[in-house]
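Given next are the chains, with one letter for each unit.
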Amino acid sequence: MRRPSKTTRRTAATASAALTLALGATACGGTTGPASGGELSGQTVTVAGVWTGSEQQNFKKVLDAFTEKTGAKTVFIPSGDNVSTFVGSKIEGGNAPDVVMVPQVGVLQQFAGKGWLQPLSDQAAGTAGATLAPVWKNYGTVDGTYYGLYFKAAHKSTVWYAPEAFAQAGVAEPTSYTDMLKAGRTLADSGRPAFAVAGEDGWTLTDWFENVYLSQAGPEKYDQLAQHKLKWTDESVVKALTTLGELFKDKQLVAGGAQTALSTDFPTSVAQVFGPEPKAGMVYEGDFVGGVAKDQFGKKLGKDAKFFPFPAVDGGKAPVVSGGDAAVVLKDGKNSKAGMQLVEYLAGSEAAEVWARAGGFLSPNKEVDIASYGDEITRSTANSLIATGDSIRFDMSDQAPAAFGGTKGAGEWKLLQDFLRDPSDPRGTAEKLEAEAAKAYGN
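Cut-off values and rules
- Residues numbered from 1 in each chain as written.
- Predicted model: local features only at pLDDT ≥ 70, side-chain atom pairs only at ≥ 80, totals over all residues.
- Heavy atoms only, no water.
- Pairing = 2+ DSSP bridges.
- Helix = DSSP H or I, 4+ residues; strand = E, 2+ residues; numbered from the N terminus.
- Axes fitted to C-alpha atoms, helices over the stretch in contact; angles between N-to-C directions.
- Parallel < 35°, antiparallel > 145°, perpendicular 65-115°, else oblique.
- Left-handed = near helix turned anticlockwise from the far one by under 90°.
- Contact = heavy atoms within 4.5 Å.
- Nonpolar A, V, L, I, M, F, W, Y, C, P; charged D, E, K, R; others polar.
- pLDDT = per-residue confidence, 0-100.
- Core = buried A, V, L, I, M, F, W, Y, C linked by side-chain atoms within 4.5 Å.
- Buried < 20%, exposed > 50% of the residue type's maximum accessible area, 1.4 Å probe, protein only.
- Polar contact = N/O pair within 3.5 Å; in protein donor to acceptor, adjacent residues only side chain to side chain.
- Salt bridge = Lys/Arg side-chain N within 4 Å of Asp/Glu carboxyl O.

Whenever I open this one, the sheet that holds strand β9 (residues 158-161) confuses me. Can you help?
Paired through their backbone hydrogen bonds, the strands of a sheet run either parallel or antiparallel. The strand order across the open sheet built from three strands is β10-β9-β11, with neighbouring strands paired in antiparallel fashion. Two strands close off the open sheet at either side, each with one partner strand: β10 (282-285) and β11 (306-309). Strand-to-strand twist in this sheet, taken as the mean axis angle between neighbours without regard to direction, amounts to 30 degrees. As judged from the four bridges shared by β9 and β10, these two strands associate in the antiparallel manner.

In structure tokens:
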């Protein structure tokens, strides 16, 4: 999916729904042939993105629909996890794609800073202005210029659980963080620890932190911390780490304890709740957990696998953290004019509805027909994403320089893994986070 970035984090998983993928067929990307006629007949649009497996195949259905509409041939090129390196090498070699699906705000900003991107057309911007909450357009804007259309989103504030475990323990879906921990201890008393925690994948721990922090500290401080206008030594960070430490240190709450969690990757954490030998009652991560439970373990969403919203912490508002993929047009693409027409198509509801019907997809576009989503769980998640409007916040670590927010064994990922191992010193962890953030942000 992508560097265990968060969007592969997020989709990290989805990679997990790339799971038992439709393997061989997607490894080399592929082409979509032109329809007869059409204003772009005879032209080719190349699109690069991190998607593999079922995600790639479903996006190709969107490209097929664009071909049917315009006559353009489309070619999808898998970029691998490191989109920045891939695109840079393609530009340097004179073979840049026309459109890139960018999985991180920080990477989009980097591309814009290097002068690689074309501003989006008035048509794309106008459609986006009418169909997206302003926050999504803001995330695609750099220094006042709109470069990135957010086409695919992830809802990263969902806690998934096994209904039979809740029924056996006699617990209901919690509505506060305190109640969630209490329900978790009741689950443990009934024979199944509360949470499967994928500590081997540091990105999952950043997601835990971000949800606690957004609810506890509020959106303004979240934005300041994401931009490093607020230091990680701020008391709000120490407080969030302290709150998270209460969960990490409790063996009733973390299945197998910290050492087991640190050797558990994301797909395994889902298996520990929904697999044939369950070891926990809940797993926190994004909406993509449902796809893994359904596709890999045959669970029926809404019956065998359910979720509740990540609950409010300390009387704050329930958080809604998201991730997403933005379509950008490269200046050096061989057919960037047709690439811009593809982005204009992606801005409308028609393109999103194609993928929604295929599954494994959420759109930030409020004009998408909710009936396009194939099950009630996905419809509920999509409604929540849209209803949140400008209160939604993009994954914080995906907004950070990769050296801090997206590198295995370094920065925030490693320091939160260390904190999972020993959560006894939240203030000391905050100081280490600030030291690493200062280096990565250059201040």
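Could you clarify how one ought to interpret the packing of helix α9 (residues 202-217) against helix α11 (residues 235-248) in this entry?
Angle between the axes and distance between the axes are the two parameters that describe a pair of packed helices. α11 packs onto α9 with a crossing angle of 125 degrees between their chain directions and a minimal axis gap of 9 Å. Compared by their axis directions, α9 and α11 come out oblique. For the crossing formed where α9 meets α11, the hand is right-handed. Judged by residue contacts, L205, W208, F209, V212, Y213, Q216 and A217 of α9 engage S236, V237, K239, A240, L241, T243, L244, L247 and F248 from α11. Broken down by class, the residue content of the contact of α9 with α11 amounts to 12 nonpolar, three polar and one charged.

What is the right way to look at the pairing of strand β3 (residues 73-78) in this model?
On a regular strand, each side chain points to the face opposite its neighbour's, so the side chains alternate between the two faces of the sheet. Of the strand pairs in this sheet, strand β2 (residues 44-49) and β3 are connected by six bridges, and their pairing is parallel. Across the sheet, residue G49 finds its bridge partner in β3, namely P78.

How should the confidence of the model for the protein be read in this particular structure?
Close inspection of predicted coordinates is inappropriate in any region flagged by low pLDDT. Residue-level pLDDT values for the protein average 90, and 92% of them are 70 or greater. Across residues 1-28, confidence stays below pLDDT 50; counting only partners more than four residues off in sequence or on other chains, it has 109 contacts.

How should the nonpolar core be read in this particular structure?
Within soluble globular proteins, side chains that are nonpolar tend to cluster in buried spots. The biggest cluster of nonpolar side chains holds 75 residues, and the ones touching the most others in it are F209 and F274. Residues within four places of F209 in sequence aside, it is in contact with L225, W232, V237, A240, L241, L244, E412 and L416.

Would you explain helix α14 (residues 288-297) in this entry?
Since the α-helix turns once every 3.6 residues, residues separated by three or four places project in the same direction. Regarding α14, the residues found buried are F288, V289, G290, V292 and A293. Just downstream of α14 lies G298, where phi reads positive at about 70 degrees.

It is not clear to me how unusual backbone geometry should be interpreted in this structure. Could you clarify?
Comment: phi is negative for the bulk of residues other than glycine, and the bulk of peptide bonds are trans. Even without being glycine, D143 reaches a positive phi, approximately 50 degrees. Topologically, D143 is positioned in the loop between β6 (141-142) and β7 (145-146). Phi angles above zero are rare outside glycine, and H228 is one such case at about 60 degrees. In this structure, H228 sits in the loop between α10 (219-226) and α11.

What is the right way to look at the environment of E39 in this model?
Tracing the backbone through its elements, the reader meets E39 in the loop between β1 (30-32) and β2. Look at E39 and you get exposed, because its relative accessible area is 60%. Taking the C-alpha atoms as reference, E39 lies 58 Å from L247; in sequence the two are 208 residues apart. Not counting residues up to four positions away in its chain, the partners in contact with E39 are T70 and Q341. One polar contact links E39 to Q341, side chain to side chain, over a distance of 3.2 Å.

What is the right way to look at the pattern of salt bridges in this model?
Opposite charge on two side chains permits them to pair, given that their charged atoms come into close proximity. Taken as a whole and judged by the stated rule, the model has 13 salt bridges. A salt bridge links K69 to E350, with the nearest nitrogen and oxygen atoms 3.3 Å apart. One end of the pair, K69, is in helix α2 (residues 53-70); the other, E350, is in helix α16 (residues 349-358), and 281 residues separate them in sequence. Judged by relative accessible area, which is 38%, E350 ranks as partly exposed. E376 is paired through a salt bridge with R379; the nearest N and O atoms lie 3.3 Å apart. Taken together, the positions of E376 and R379, both in helix α17 (residues 376-388) and three residues apart, correspond to about one turn of that helix. When its relative accessible area of 53% is taken as the criterion, E376 is described as exposed. Among the ionic contacts, a cluster of salt bridges with common partners joins K156, D207 and D395.

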